[in-house]
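Reading the structure
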Amino acid sequence: MERTRRNILKLFGITALGVSAKPVLNAFAKEQGHPAEPQIRKGEKALKAKQWAMVIDTRQFHSAHDLDPIIEACHHAHNVPAFENKNHEIKWIWDEKYHHAFPNKTTKFLNESVEHRPFLVLCNHCENPPCCRACPTKATFKRESDGIVLMDFHRCIGCRFCMAACPYGSRSFNFRDPRPGIAEQNDQFPTRMKGVVEKCNFCAERLAVGELPYCVKASNGAIKVGDLYDPDSEVRQLLKENYTIRRKQALGTEPSVYYIV
Amino acid sequence: MNDKKWIIAGIVVFLAIFAFPFWYNMGKAAPAPEVKLTEKAKAAKQCVMPTEYMRAEHMQLLDVWRHNVVRNAEREFVNTEGKTFNMSLSNTCMDCHANKADFCDKCHDYASVDPYCWDCHLDRSKENE
Amino acid sequence: MLEFAFKGSKKYYGWMTGLLVLIGIGFLVYLKQLDVGLGITGMSRDVSWGFYIANFTFLVGVAAGGVMVVLPYYLHDYKAFGRITILGEFLAIASVVMCVTFILVDLGQPMRVFNVFIYMSPNSVLFWDTVVLQGYLLLNLIIGWNVLEAERNGVHYQPWLKPLIYLSIPWAVSIHTVTAYLYCGLPGRGFWMTAILAPRFLASAFAAGPALLILLCMIVRKTTHFDPGKEQIQSLAKIVAYAICVNVFFLLCEVFVAFYSKIPEHTDHLKYLYAGLHGHNLLVPWMWASLILMAIGIVLLVNPVTRKNESVLTVACIVIFIGTYIDKGLGMISGGFVPNPLHHINEYWPTLPEAMITLGIWALGFLILTVLFKMAIGVKEEVRA
């Protein structure tokens, strides 16, 4: 017992330095020959993908009203505050007109249904994200296991370099304590603190327990997510059958959010 | 060197001021606080790790937890007894220790540490009261 | 040598007290900012960098500008500048301190600033910027201090300083290059996406830095027994003349590329700055004022008759300093953020608290600069006596 505990102390000491706990834990387990060491692992139900991607069928949305439940579901669940001062605005997923969502893909006389259609925009979870390149602390990073671009709010120093680097305006900064702006707190999910940047997290907390993102759930089938590199995945089927576009493709960031127009 | 007495007087004054917290509090050290356990915590008998370990190292454990949850998508912790826990401060720790004021704050105040956990993670004890 | 900073006239003490008051006010407002958050500034989701970063960018330039006295003296053996190299180096020190302070006050979580070193990220330009800025600060401290002490003792400075001095020359170029790279490598920000951003920054730096140095030399001459020298000031003036011409030339190059190609992503920002976009024109008068000021500066400095007249030269330097300050301090940063990547227009203007913190940092810089100059001139007066 005493020996075991000392080892745990040791290994937690090592992992506290920022190294992933898992290999260290496993190494100790092997060396000592008894498996009764603490383990850190993914849940069995966790959804996996090489690169998560999203396909939004915009044809199913007709007015901004159609998007409200989706935005509301996300913002409520993630404790995204609402402030009157537009400068302090925080949003993870929101509604834009076509020519704002796709400023370099507009034509002069746009198809009427497209022109009036609402477009959901959010973090693109780029395969080649400029924000992660810019971050001086790796507080924002592309998760290797599934390609989601995430924020480590414990580490962010609030320099806002990622906001300048993002070509999609997907990031928000906490210019003040967000809590007073949250009408109804969701206890299951943390809020943020002032001085850090935040954005859509592709519902990483839900994927981990085998659930699909809130926006998907609230979209009545208009939004699908899946593995971009699994040829049999639902998103790949949709991409095969429909012509899709992405935001600012020319920049080479390889967005993972696709739009059926 | 005629400044000797001034230098010594200066040092004495400096030390007196420097040591102010020590002699001001002399003889009236606050007793170490006793943390209170909720019924749920008492019934569980042991936390995710042995009590002694938790008492001394819970911050390291939490740091490992948050690192693996946030950065590696690993959210399950299996302890030496084979029990599985969801690695979550708000949803696991605070579920049992639903008395933040009597459990967390008491010791933190005593040790004069001010962790910023609750700037973001919600203290669920209010709803459980 | 620090003792020189404590001996001074009433005026000197008055000036220092005034600066301390401004620093104090700035600090109090900063405490407020720490408490409330960056929400007390005019920055927004769309314009996420504002006055702090703009001042930082401008001051990196002033710091780099110090090299314009170091380079001719040490590389070209232009003896006349030997009298004032120390002033250039000390100006660089004060500027870099201001730069670092501006970065610090711009952070949302300043207590975590050491994360930049704990989690070193060589892929981030900001990481390299902290490295080069601190290196430059250190180089100038070591060089400035030792050379000055050698001068005081009437000996030649230590031979090991020579390689550091040579190193400080490309290093000065590097600090402004890396600062430009903060902006020009960002996809989707058409205004900054130009390979001549770093050269343009350097050109405006080599105009603004030496212009400020000329003004400081004039003040030194008036208030002390040390005369930086007529020839020195004239040589600096020629450097400013070349640099400001190159700066405006680069700006015109940008205008040509944007408007001949007519790519909206590049023209929109320039349109916003100089003509207004969809009725948003907050910065238009400022940008034109900046252009006019720089043009006046060129006319006054290129013409030898006006340049050689020191009172006209003073005016020219003030005009150029203000012109480049507006160009970089207001236009360069806001201009890149307006319109935003989704082509929404959200304008930015600094708030009063933001301005007070900024003023406090400038006061801190001038306090450091005054102390350093007082030392340098104290030594020079002592040696001469």
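Residues numbered from 1 in each chain as written. Chains lettered and ligands numbered in written order. Predicted model: local features only at pLDDT ≥ 70, side-chain atom pairs only at ≥ 80, totals over all residues. Heavy atoms only, no water.

1. Overview of the overall build of chain A
This is how the line gets drawn: Think of it this way: any DSSP run of H or I at least four residues long counts as a helix, any run of E at least two long counts as a strand, and we number them from the N terminus. Should any heavy atoms of two residues lie within 4.5 Å, those residues are considered in contact. Areas reported as accessible are Shrake-Rupley estimates using a 1.4 Å probe. Residue values count occlusion only from the protein chains shown.
Along chain A, the regular secondary structure elements total 10 helices and 11 strands. Pairs at least 24 residues apart make up 64% of the contacts formed inside chain A by residues separated by at least 6 positions. Total accessible area on chain A stands at roughly 11,200 Å², and carbon and sulfur atoms take up 52% of it.

2. Structural notes on the overall build of chain C
To keep things clear, this is the line we draw: Note on method: radius of gyration uses C-alpha positions; expected globular size equals 2.2 Å times residues raised to 0.38. Only protein chains enter the calculation, and the probe is 1.4 Å; a residue is then buried if its accessible area is under 20% of its type maximum, exposed if over 50%, and partly exposed in between. Neither His nor the chain ends is counted toward charge; the positive residues are Lys and Arg and the negative residues Asp and Glu. To locate a charge, take NZ of a lysine, CZ of an arginine, CG of an aspartate or CD of a glutamate.
A tally of helices and strands in chain C yields 14 helices and zero strands. Listing every helix and strand of chain C by position from the N terminus yields α-α-α-α-α-α-α-α-α-α-α-α-α-α. Taking 2.2 N^0.38 as the reference for a compact globule, 385 residues should give roughly 21 Å; the C-alpha atoms of chain C span a radius of gyration of 21 Å, in line with that estimate. In terms of overall dimensions, chain C has a C-alpha envelope of 65 × 50 × 40 Å along the principal axes. Counting all 385 residues of chain C, 59% fall into the buried class. In chain C, the proportion of contacts linking residues at least 24 apart, taken out of those at least 6 apart, comes to 77%. Carbon together with sulfur atoms contributes 73% to the accessible area of chain C, which is approximately 15,400 Å² in total. A distance of 6 Å separates the average location of the 24 positive side-chain charges in chain C from that of its 20 negative side-chain charges.

3. Looking at the sheet that holds strand β1 (residues 39–41) of chain A
To be explicit about the condition: Between any two strands, at least two bridges found by DSSP are needed for them to pair. Angles shown run from 0 to 180 degrees and are taken between the N-to-C directions of axes, each axis being a line fitted to C-alpha atoms and, for helices, limited to the stretch in contact.
With antiparallel pairing, three strands are arranged side by side in an open sheet as β1(A)-β1(B)-β2(B). Single-partner strands in this sheet number two, and they are β1 of chain A together with β2 (84–86) of chain B. Across the sheet, the axes of successive neighbouring strands diverge by a mean angle of 25°, strand direction being ignored. Note: strand β1 (residues 76–78) of chain B against β2(B), three bridges, orientation antiparallel. In the strand pairing of β2(B), B:Val78 is matched with B:Thr84.

4. Quick notes on the side chain of A:Glu198
Residues and elements named next belong to chain A. The following threshold applies: N or O atoms within 3.5 Å of each other form a polar contact, as long as, within protein, one can give a hydrogen and the other can take it, and as long as residues adjacent in sequence are counted only when both atoms are side-chain atoms.
Along the polypeptide, Glu-198 turns up in strand β8 (residues 197–198). A distance of 2.7 Å separates polar atoms of two side chains, one belonging to Glu-198 and the other to Trp-92. At 2.9 Å, the side chain of Glu-198 forms a polar contact with the side chain of Asn-174. Once you skip the residues sitting within four places of it in the chain, Glu-198 turns out to touch Val-80, Ile-90, Trp-92, Met-151, Phe-153, Ser-170, Arg-171, Ser-172, Asn-174 and Arg-192.

5. Points about the sheet that holds strand β10 (residues 244–245) of chain A
Residues and elements named next belong to chain A. Spatially, β9-β2-β11-β10 is the arrangement adopted by the four strands of the open sheet, whose pairing is mixed. Bordering the open sheet on either side are β9 (223–227) and β10, each of which pairs with just one other strand. Here β10 pairs with strand β11 (residues 257–260) via two bridges, running antiparallel. The residue bridging Thr-244 from the neighbouring strand is Ile-260, located in β11. Along the sheet, helix α10 (residues 234–241) makes contact with β2 (52–57), β9, β10 and β11, crossing β9 at roughly 115°.

6. A look at the packing of helix α9 (residues 230–261) of chain C against helix α11 (residues 284–302) of chain C
Residue and element names in this part refer to chain C. Note the cut-off: Our angle categories are set so that under 35 degrees counts as roughly parallel, over 145 as roughly antiparallel, 65 to 115 as roughly perpendicular, and the remainder as oblique. Crossings are sorted by hand: turned counterclockwise from the far helix by less than a right angle, the near helix makes the crossing left-handed, and turned clockwise it makes it right-handed. Residues are grouped as follows: Ala, Val, Leu, Ile, Met, Phe, Trp, Tyr, Cys and Pro are nonpolar; Asp, Glu, Lys and Arg are charged; all remaining types, including Gly, are polar.
Relative to each other, α9 and α11 sit at 140°, their axes nearing to 9 Å. Judged by the angle between their axes, α9 and α11 are oblique. Once α9 is placed against α11, the crossing between them reads as left-handed. Two secondary-structure elements touch here, α9 through Ala-237, Val-240, Ala-241, Ile-244, Cys-245, Asn-247, Val-248 and Leu-251 and α11 through Leu-291, Met-294, Ile-298, Leu-301 and Val-302. A per-class count over the contact of α9 with α11 returns 12 nonpolar, one polar and no charged.

7. Comments concerning the nonpolar core
Filter applied, for reference: Among buried residues, the Ala, Val, Leu, Ile, Met, Phe, Trp, Tyr and Cys ones that are joined through side-chain atoms within 4.5 Å form a nonpolar core.
Counting residues in each nonpolar core, the largest one holds 153 residues, and the members touching the most others are C:Phe56, C:Tyr183, C:Ile214 and C:Phe373. Residue contributions to this core peak at 17 residues, all from helix α8 (residues 197–223) of chain C. Residues A:Ala101, A:Val121, A:Phe141 and A:Cys200 belong to the second largest nonpolar core, which totals 41 residues.

8. Remarks on unusual backbone geometry
Note: most residues except glycine have negative phi, and most peptide bonds are trans. Cis peptide bonds are those with omega within 30 degrees of zero, and the linkage from C:Val338 to C:Pro339 qualifies with -5°. Along the chain, C:Pro339 falls in the loop between α13 (310–337) and α14 (352–384). At A:Asn79, a position not held by glycine, the phi torsion is positive, near 55°. Mapped onto the fold, A:Asn79 is located in the loop between α3 (64–77) and β3 (93–96). In the Ramachandran plot, A:Lys248 falls in the positive-phi region, its phi being about 45° despite a non-glycine side chain. Of the residues examined, A:Lys248 reaches a relative accessible area of 5% and is grouped as buried.

9. Quick look at the interface of chain A and chain B
To keep things clear, this is the line we draw: By definition, the buried area sums, over both parts, the 1.4 Å-probe accessible area that each loses when the two are put together. By convention in these notes, a salt bridge is any Lys or Arg side-chain nitrogen within 4 Å of a carboxyl oxygen on Asp or Glu.
In this assembly, 45 residues from chain A lie in contact with 35 residues from chain B. Overall, the association of chain A and chain B removes approximately 3,500 Å² of surface from exposure, summing both partners, and the carbon and sulfur fraction of that is 57%. Summed over the shared surface of chain A and chain B, the number is three salt bridges. Between A:Asp152 and B:Arg71 there is a salt bridge; the shortest N-O distance is 2.9 Å.

10. A look at the interface of chain C and chain A
The interface is formed by 40 residues belonging to chain C together with 48 residues belonging to chain A. Between A:Arg160 and C:Asp106 there is a salt bridge, with its nearest N and O atoms 2.6 Å apart. For the pair chain C and chain A, the interface holds 28 residue pairs in polar contact (both at pLDDT 80 or more). Here the residues of the side of chain C that touches chain A are counted per class, giving 19 nonpolar, 15 polar and six charged.

Without other data, these values stay purely geometric and don't point to any function.
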